Amino acid sequence: MVKVAILGYGTVGSGVFEIIKENNDVVNEKSLNDIDIKYVLDLREFPGDPCENVLVHDYDVILNDPEVEIVIEVMGGLHPAYEFVKAALEAGKSVATSNKELVAKYGAELINIAKSHKRNFLFEAAVGGGIPIIRPINMHITADRIQQIAGIMNGTTNYILTKMEKEGADFDSTLKQAQDLGYAERNPEADIEGFDAVRKIAILTSLAVEKTVNFEEIYTEGISKITSDDFKYAKAMGKTIKLIAESKIDGDKVVAGVAPMLLSEDHPLYSVNGVVNGILVRGNMVGDLVFIGSGAGKLPTASAVVSDVVDCIRHLNTSTTIIWEDKKQELQSFQDSVKRFFVRTKASQPEIKEIFGDVEYVDGGMAGEGGFITGPLSEKEFEIKASDLGKIISRIRIAD
Ligand code: HSE
């Protein structure tokens, strides 16, 4: 019998409780052991809830109980999650978490502490919700040099963009609708400005290069400036707009960014709609692998957390090999990265040609403006040309 404790009885925590109870036979069979939830930690009371009998309010009860082998951290936020997780690992317990903020900031440190105690710090649910992506990058795609990771890693923004595309709605009203339906947070900044996605691409890239990528150094642009008119142009081009978190790896050269991008119909992530996430991993031997599934939500996220609990139980006194060193991975300047750009402008075609040369013109059916697609340009080159042209309404990068 392996005793576990759940820290936080919110959406994911109650999902973990539910899965361990409801799928008990499966989970025990896969663990080759029996799981027992000894404690649930939360500040709140849950009268009548099945967790009531194991509910505690003091973390020290869990920390000081040598019977607890695995701590499941699903509280979210950095503090006190970091202190609680670090203390658990130092006390010789394994930890499974869904907390991407924690992993993006302290991943390498917590993995090392776990290793030094022959325990595990696992975080499958921190990226892509229920989609297996951490374990594949860490343990399966190990014969390849990973050259690119590109993904729709935020369900809220994908839900909003899908609605805007399908219903021709504007950003503000779609966001409000998403909030009313509980898909978007009341304070949606982390999702819509890309701060959630940037942590996720930092985690995946760190695993791919086995060093620490600082998410704060990654170029991040959200979707709040995308308009229904942008979607009219996208439709005219046979494309759609998605928030893409991407990194490109060429030896020690790594460049990463998060931004809305135009995807053509043949792009593997073109049809990833609604709250679904999709992640493309390109290896130099295996080629393209695409992982698609529920990127958020109670049971999908909890399912990934419980898969880590099973892994912890299978490896109770051995560290599974997550390689992610504390050493910093320097990033190439985003300004030097090259893409094609779609541009909306009030400038005339001769003016465009003078600055950008031969481009592909796009008619979005809008009076007093037009669109065009540039050839490949670095961010720096594009900015200079755009400033020379002036009269720019907006620009969106085109996914390769
Ligand atoms: N807010 C996140 C999303 C939750 O919308 O994808 C999962 O990390």
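Residues numbered from 1 in each chain as written. Predicted model: local features only at pLDDT ≥ 70, side-chain atom pairs only at ≥ 80, totals over all residues. Heavy atoms only, no water.

A. Main features of the pairing of strand 1 (residues 2-7). Buried residues dominate strand 1, accounting for 6 of its 6 residues. Taking every second residue as pointing to the same face, both faces of strand 1 are buried, with Val 2, Val 4 and Ile 6 on one and Lys 3, Ala 5 and Leu 7 on the other. For strand 1 and strand 2 (residues 35-41), the ladder comprises 6 bridges, and the chain directions are parallel. Looking across to strand 2, one finds that Val 4 is bridged to Ile 37. Sheet topology places strand 1 next to strand 4 (residues 68-73); 5 bridges connect them, and they run parallel. What sits directly across from Lys 3, in strand 4, is Val 68. (Buried < 20%, exposed > 50% of the residue type's maximum accessible area, 1.4 Å probe, protein only. Helix = DSSP H or I, 4+ residues; strand = E, 2+ residues; numbered from the N terminus. Pairing = 2+ DSSP bridges.)

B. Spotlight on empty space enclosed by the protein. Tallied over the full model, the rule gives 3 cavities of 30 Å³ or more. Considering only enclosed or pocket space, the largest cavity measures out at about 70 Å³ in volume. Together, Leu 122, Phe 123, Glu 124, Ile 134, Arg 135, Asn 138, Met 139, Asp 308, Asp 311, Thr 320 and Ile 322 line the largest cavity. Breaking the lining of the largest cavity down by element, the ones donating at least two residues are helix 6 (134-140) and helix 12 (298-314). The element contributing the most residues to the lining of the largest cavity is helix 6, with 4 residues. Partitioned by chemical class, the residues of the lining of the largest cavity number 5 nonpolar, 2 polar and 4 charged. Its volume calculated, the second largest cavity comes out at about 50 Å³. Forming the boundary of the second largest cavity are Ile 111, Ala 114, Lys 115, Arg 119, Asn 120, Phe 121, Leu 122, Ser 319, Thr 320 and Ile 322. Sorting the residues of the lining of the second largest cavity by element identifies helix 5 (100-116) and strand 6 (121-122) as the ones contributing at least two each. With 3 residues, helix 5 is the single largest residue contributor to the lining of the second largest cavity. Grouping the constituent residues of the lining of the second largest cavity by class yields 5 nonpolar, 3 polar and 2 charged. (1 Å grid on protein atoms, 1.4 Å probe; cavity = no way out; pocket = protein on both sides within 12 Å on 5 of 7 lines; lining within 4 Å. Points joined across faces, edges and corners; volume = space filled by probe spheres on them. Nonpolar A, V, L, I, M, F, W, Y, C, P; charged D, E, K, R; others polar.)

C. Main features of the side chain of Thr 212. Relative to the assigned elements, Thr 212 resides in the loop between helix 10 (195-209) and strand 8 (219-220). Of note is the side chain of Thr 212, whose polar atom sits 2.7 Å from the backbone oxygen of Glu 325. Beyond its immediate chain neighbours, meaning those up to four positions away, Thr 212 contacts Ala 108, Ser 206, Trp 324, Glu 325, Asp 326, Lys 327, Lys 328 and Gln 329. (Polar contact = N/O pair within 3.5 Å; in protein donor to acceptor, adjacent residues only side chain to side chain. Contact = heavy atoms within 4.5 Å.)

D. Main features of the sheet that holds strand 2. Reading across from one edge, 3-2-1-4-5-6 is the order of the 6 strands in this open sheet, with parallel pairing throughout. Each edge of the open sheet carries a strand with a single partner, namely strand 3 (55-56) and strand 6. Of the pairings in the sheet, the one linking strand 4 to strand 5 (residues 94-97) comprises 4 bridges and is parallel in character. Residue Glu 73 lies in a different strand from strand 5, and its bridge partner there is Thr 97. Packing of helix 1 (residues 11-22) onto the sheet brings it into contact with strand 1, strand 2 and strand 4, and relative to strand 2 it is tilted by some 160°. (Axes fitted to C-alpha atoms, helices over the stretch in contact; angles between N-to-C directions.)

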